[in-house]
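One letter stands for each residue in the lines below.
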Amino acid sequence: MEEQKLRSANWFGLKGKDGFIYRAWMKNQGIPDYEFNNKPVIGICNTWSELTPCNGHFRELAQSVRRGILEAGGFPVEFPVMSLGETLIKPTAMLYRNLASMDVEESIRANPLDGVVLLCGCDKTTPSLVMGACSVNIPTIVVSGGPMLTGRYNGKSIGTSDLWRFDADLKKGIIDEEEMRTIESAMCRSSGHCAVMGTASSMACMVEALGISLPGNAAIPAADARRKMLAQFSGLRIVEMVKEDLKLSDILTRNAFENAIKVNAAIGGSTNFVIHLLAIAGRIGVDLHLKDFDELSANIPLIANLQPAGKYFMEDLFYAGGLPAVLRELDSILHHDCITANGKTIKENYENAESYNSDVITGMENPFNNATGLAILKGNLCEDGAVIKPSAASEHLMTHTGKAVVFENIEDYKARIDLEDLDVDETSILVLKNVGPKGYPGMPEVGNMTLPKKLLKRGISDMVRISDGRMSGTGFGTVVLHVSPEAAAGGNFSVIQTGDIITLDVPNRSLNVDLTDEILQERKAKYKEEPRSIKRGYVGLYIDHVQQAHLGADMDFLRGGSGSVVSRDSH
Ligand code: FES
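All of the points below concern the structure found in this document.

**Some words on the overall build of the protein**
Here's step 1: For the protein, the count of helices and strands is 20 helices and 14 strands.
Here's step 2: Rg of the C-alpha trace for the protein: 24 Å, near the compact-globule value of 25 Å for 571 residues, within the 12% margin.
Here's step 3: In terms of its C-alpha atoms, the protein occupies a principal-axis envelope of roughly 75 × 55 × 50 Å.
Here's step 4: Here the protein holds 571 residues, and 60% of them are scored as buried.
Here's step 5: When contacts within the protein are restricted to residue pairs at least 6 apart in sequence, long-range pairs at least 24 apart make up 76% of them.
Here's step 6: About 22,300 Å² of surface is accessible on the protein, with carbon and sulfur atoms providing 49% of the total.

**Some details on the sheet that holds strand β3 (residues 115–120)**
Here's step 1: Overall, parallel pairing links the four strands, which are arranged β2-β1-β3-β4 in an open sheet. On the outer flanks of this sheet lie β2 (75–80) and β4 (140–144), each paired with one strand and no other. Here the strands of the sheet are splayed against their neighbours by 20° on average, with no regard to which way each runs.
Here's step 2: One ladder, built from five bridges, connects β3 with β4; its direction is parallel.

**Quick notes on helix α5 (residues 125–134)**
Here's step 1: Most of α5 is tucked away, with ten of its ten residues classed as buried.
Here's step 2: For α5, the full list of buried residues reads Thr-125, Thr-126, Pro-127, Ser-128, Leu-129, Val-130, Met-131, Gly-132, Ala-133 and Cys-134.

**Digging into the side chain of Asn-272**
Here's step 1: Along the chain, the position of Asn-272 falls in helix α12 (residues 272–284).
Here's step 2: For Asn-272, a relative accessible area of 0% translates into the label buried.
Here's step 3: Only 3.3 Å separates the side chain of Asn-272 from the backbone oxygen of Met-471, close enough to count as a polar contact.
Here's step 4: The contact partners of Asn-272, leaving out residues within four places of it in the chain, are Thr-199, Glu-445, Arg-470, Met-471, Ser-472, Gly-473 and His-482.

**Thoughts on unusual backbone geometry**
Here's step 1: Cis geometry is found at the peptide bond from Tyr-440 to Pro-441, where omega equals -5°.
Here's step 2: Take Pro-441: it is sitting in the loop between β10 (429–432) and α18 (453–457).
Here's step 3: The backbone of Arg-509 sits at a positive phi, close to 55°, despite the residue not being glycine.
Here's step 4: Tracing the chain through its elements places Arg-509 in the loop between β13 (501–505) and β14 (510–513).

**Some details on the pattern of salt bridges**
Opposite charge on two side chains permits pairing when their charged atoms draw close.
Here's step 1: Counting across every chain of the model gives 32 salt bridges.
Here's step 2: For Lys-291, the salt bridge goes to Asp-292, with nearest N and O atoms at 3.9 Å.
Here's step 3: The exposure class assigned to Asp-292 is buried, which follows from its relative accessible area of 5%.
Here's step 4: When salt bridges that share partners are traced, they join Glu-86, Asp-123, Lys-124, Glu-445 and Arg-470 into one network.

**Description of the packing of aromatic side chains**
Here's step 1: Applying the stated criterion to the full structure yields seven aromatic pairs.
Here's step 2: Ring geometry for Phe-407 against Tyr-413: centres 5.4 Å apart, planes inclined by 90°, an arrangement best described as edge-to-face.
Here's step 3: Assessed through its relative accessible area of 9%, Tyr-413 is described here as buried.
Here's step 4: Their ring planes at 50° and their centres at 6.1 Å tell us that Tyr-538 and Tyr-542 sit as a pair that is tilted. In this pair, Tyr-538 and Tyr-542 are both assigned in helix α20 (residues 537–545), four residues apart and thus about one turn of the helix distant.
Here's step 5: Put simply, the rings of Phe-12, Phe-36 and Phe-75 touch in pairs and so form one group of aromatic residues.

**What about the side chain of Thr-126?**
Here's step 1: Mapped onto the elements of the fold, Thr-126 is located in helix α5.
Here's step 2: Apart from the residues lying within four places of it in its own chain, the contact partners of Thr-126 are Cys-120, Gly-121, Met-203, Met-206 and Val-207.

**Concerning the nonpolar core**
Here's step 1: If you look at the biggest cluster of nonpolar residues, it comprises 107 residues, and the most contacted ones within it are Phe-257 and Phe-293.
Here's step 2: Every residue in contact with Phe-293, bar those within four places of it in the chain, is listed here: Ile-261, Phe-273, Val-274, Leu-277, Leu-278, Leu-288, Leu-374 and Ile-376.
Here's step 3: If you look at the next biggest cluster of nonpolar residues, it comprises 28 residues, including Leu-381, Cys-382, Leu-397 and Phe-493.

**Points about the state of the cysteines**
Covalent bonding between the sulfur atoms of two cysteines is what defines a disulfide.
Here's step 1: Applying the stated rule across the entire model yields zero disulfides.
Here's step 2: Take Cys-188: it sits in no disulfide, and the sulfur closest to it among the cysteines is that of Cys-194, at 6.7 Å.
Here's step 3: With no disulfide of its own, Cys-338 has Cys-134 as its nearest cysteine by sulfur position, at a separation of 15 Å.

**Here's the deal with the pairing of β2**
Remember that side chains alternate between the two faces of the sheet whenever the strand is regular.
Here's step 1: As judged from the six bridges shared by strand β1 (residues 41–46) and β2, these two strands associate in the parallel manner. Each bridged residue has a counterpart across the sheet, and for Val-41 the counterpart in β2 is Phe-75.
Here's step 2: What joins β1 to β2 is helix α3 (residues 58–71), and the crossover it makes is right-handed.

**Let's talk about the environment of Val-506**
Here's step 1: Relative to the elements of secondary structure, Val-506 occurs in the loop between β13 and β14.
Here's step 2: Judged by its relative accessible area of 4%, Val-506 is buried.
Here's step 3: Ignoring sequence-local partners within four residues, the contact set of Val-506 consists of Ala-375, Leu-377, Ile-388, Pro-390 and Met-398.

**So, the pairing of β4**
Here's step 1: Across the five residues that make up β4, a large majority, five, are buried.
Here's step 2: Neither face of β4 is left uncovered, since the one carrying Thr-140, Val-142 and Ser-144 and the one carrying Ile-141 and Val-143 both have all their residues buried.
Here's step 3: Between the parallel elements β3 and β4, the chain passes through α5 in a crossover that is right-handed.

**Things to note about the packing of helix α11 (residues 254–267) against helix α13 (residues 290–297)**
Here's step 1: Axis separation between α11 and α13 bottoms out at 9 Å; the angle between their running directions is 60°. Regarding the angle of α11 to α13, the classification is oblique. As for the relative orientation of α11 and α13, their crossing is right-handed in sense. Two secondary-structure elements touch here, α11 through Arg-254, Glu-258, Ile-261, Lys-262 and Ala-265 and α13 through Asp-292, Phe-293, Leu-296 and Ser-297.
Here's step 2: Here the residues of the contact of α11 with α13 are counted per class, giving four nonpolar, one polar and four charged.

**Observations regarding the environment of Asp-468**
Here's step 1: Here Asp-468 shows up in the loop between β11 (464–467) and β12 (479–484).
Here's step 2: Asp-468 sits in the buried class, given a relative accessible area of 0%.
Here's step 3: For Asp-468 and Val-495, which are 27 residues apart along the polypeptide, the C-alpha to C-alpha distance reads 13 Å.
Here's step 4: Reaching out from Asp-468, the side chain makes a polar contact with the backbone nitrogen of Asn-434 at a distance of 3.3 Å.
Here's step 5: One polar contact links the side chain of Asp-468 to the main-chain amide nitrogen of Gly-436, over a distance of 3.3 Å.

Cut-offs applied
- Residues numbered from 1 in each chain as written.
- Predicted model: local features only at pLDDT ≥ 70, side-chain atom pairs only at ≥ 80, totals over all residues.
- Heavy atoms only, no water.
- Helix = DSSP H or I, 4+ residues; strand = E, 2+ residues; numbered from the N terminus.
- Rg over C-alpha atoms; globule rule 2.2 N^0.38 Å.
- Buried < 20%, exposed > 50% of the residue type's maximum accessible area, 1.4 Å probe, protein only.
- Contact = heavy atoms within 4.5 Å.
- Areas by Shrake-Rupley, 256 points an atom, 1.4 Å probe, with all protein chains shown as cover.
- Pairing = 2+ DSSP bridges.
- Axes fitted to C-alpha atoms, helices over the stretch in contact; angles between N-to-C directions.
- Polar contact = N/O pair within 3.5 Å; in protein donor to acceptor, adjacent residues only side chain to side chain.
- Salt bridge = Lys/Arg side-chain N within 4 Å of Asp/Glu carboxyl O.
- Phe/Tyr/Trp six-rings, centres within 6.5 Å; stacked < 30°, edge-to-face > 60°.
- Core = buried A, V, L, I, M, F, W, Y, C linked by side-chain atoms within 4.5 Å.
- Disulfide = S-S within 2.5 Å.
- Right-handed = clockwise from strand over helix to strand, strands pointing away.
- Parallel < 35°, antiparallel > 145°, perpendicular 65-115°, else oblique.
- Left-handed = near helix turned anticlockwise from the far one by under 90°.
- Nonpolar A, V, L, I, M, F, W, Y, C, P; charged D, E, K, R; others polar.

Right under this line is the structure:
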């Protein structure tokens, strides 16, 4: 290989003082320059952090990637980036997705990297890394951390989706705090991310469906030795990708995005998939819109029987053949020729896949649920759109008209939801405002509001709920999310009041409030915005620049990319 073909040669291949500085300080790590000079230098972008428990095993995983890179004749350099742990970060990890993506983008661009391996796991660590890498666009491969082993409690399989049921049981007095503590230990019993088809698993499936990971990446459990092997193979492969100059923009075509949307519908993937895929498309320059999700998902039934929409867990999906077996079932609706990270087309990757359990992966002709994974709503309550997951909702509420019970913000909801005299019954529609990107800020996963205690005690398990926030990918219910424009952006949603009549009509993809345009305009003219309390720092910048949910909630100035060229030297 000629030296100048490598990007890293712009550092290590230089003569004189500059080359001296770039090389000499690498040598202080005890590395002779033949190790890194004139070899593909591969960054291992690591989101390991003890504050991101789902990614707690990533130092070990990075060692496997490192072995693969060395084996292929590359030089590995591991570097940390901001890590987003879904469970610990307040007020919500989503607030920092864009910040982490900036860290990733600038870390890749500023350093002598020819290729990069992204170690992704817990929910936001996948989109933030992929978004950042797209804005640089050098050869890149994703290695996901893998799901946890299935939880076991009282002889039953459990996963994160059951948390919402346990919480309801606690409220009903069926279980107590002590039992909750016992369940805690039984649920998260190995390394890895949530074991259901929540957001992390949806993201792992997304990267495989897009073609930016090796086949099989989505489902191998974190604790399975084959996860480390996949990491090593990925290290090996990224060196070849550098030699082939196979960049993200070569793989992430419009057709690859269409495949990912269809796959997400068929596996009952998270609603968060919508927001993250839109943001990724915005970075790589693919024209993708909210309505595309509806058009492409329509008529695709659920063929992966996984929680929260179904019964099984990611471990079961792996034993049943993993995502390649799902893709094979979807053969008739996928684009076949999309090139993937291993240099083969997506069809070449799945055509010999076998499905070993027809209860976990069903055929298209006999799906376990006919409801599609995602639907996009429009109407005077969500002028720019809203999202619902029919496969995780109640059939009898798919068309529903009810009186709104409105909470102005999360504090209002918490203060009043369990009041005995709250005027609410199972036909009511719970509305939560000001939990959108700007309003919260950060668009937290509070959209699947817990039902009023008095209704839970009567055995009511679902109601129509509407918000401008998100829902955990592990959540379920008849929950309308991502209302755009959000309340804080001054759309019609901002002036909905308790008692207004709302109609949800999922078959016709509509969400409307029974108010005339005149009344809505009158109310908006009187509407007073909450005074803004946060102005400084990253959060101030975020509020000023975050786009609405229907655009992916990226910051306006981060869309697109700046490429990989750095024209000025540092010395
Ligand atoms: Fe990390 Fe669920 S909390 S994936």
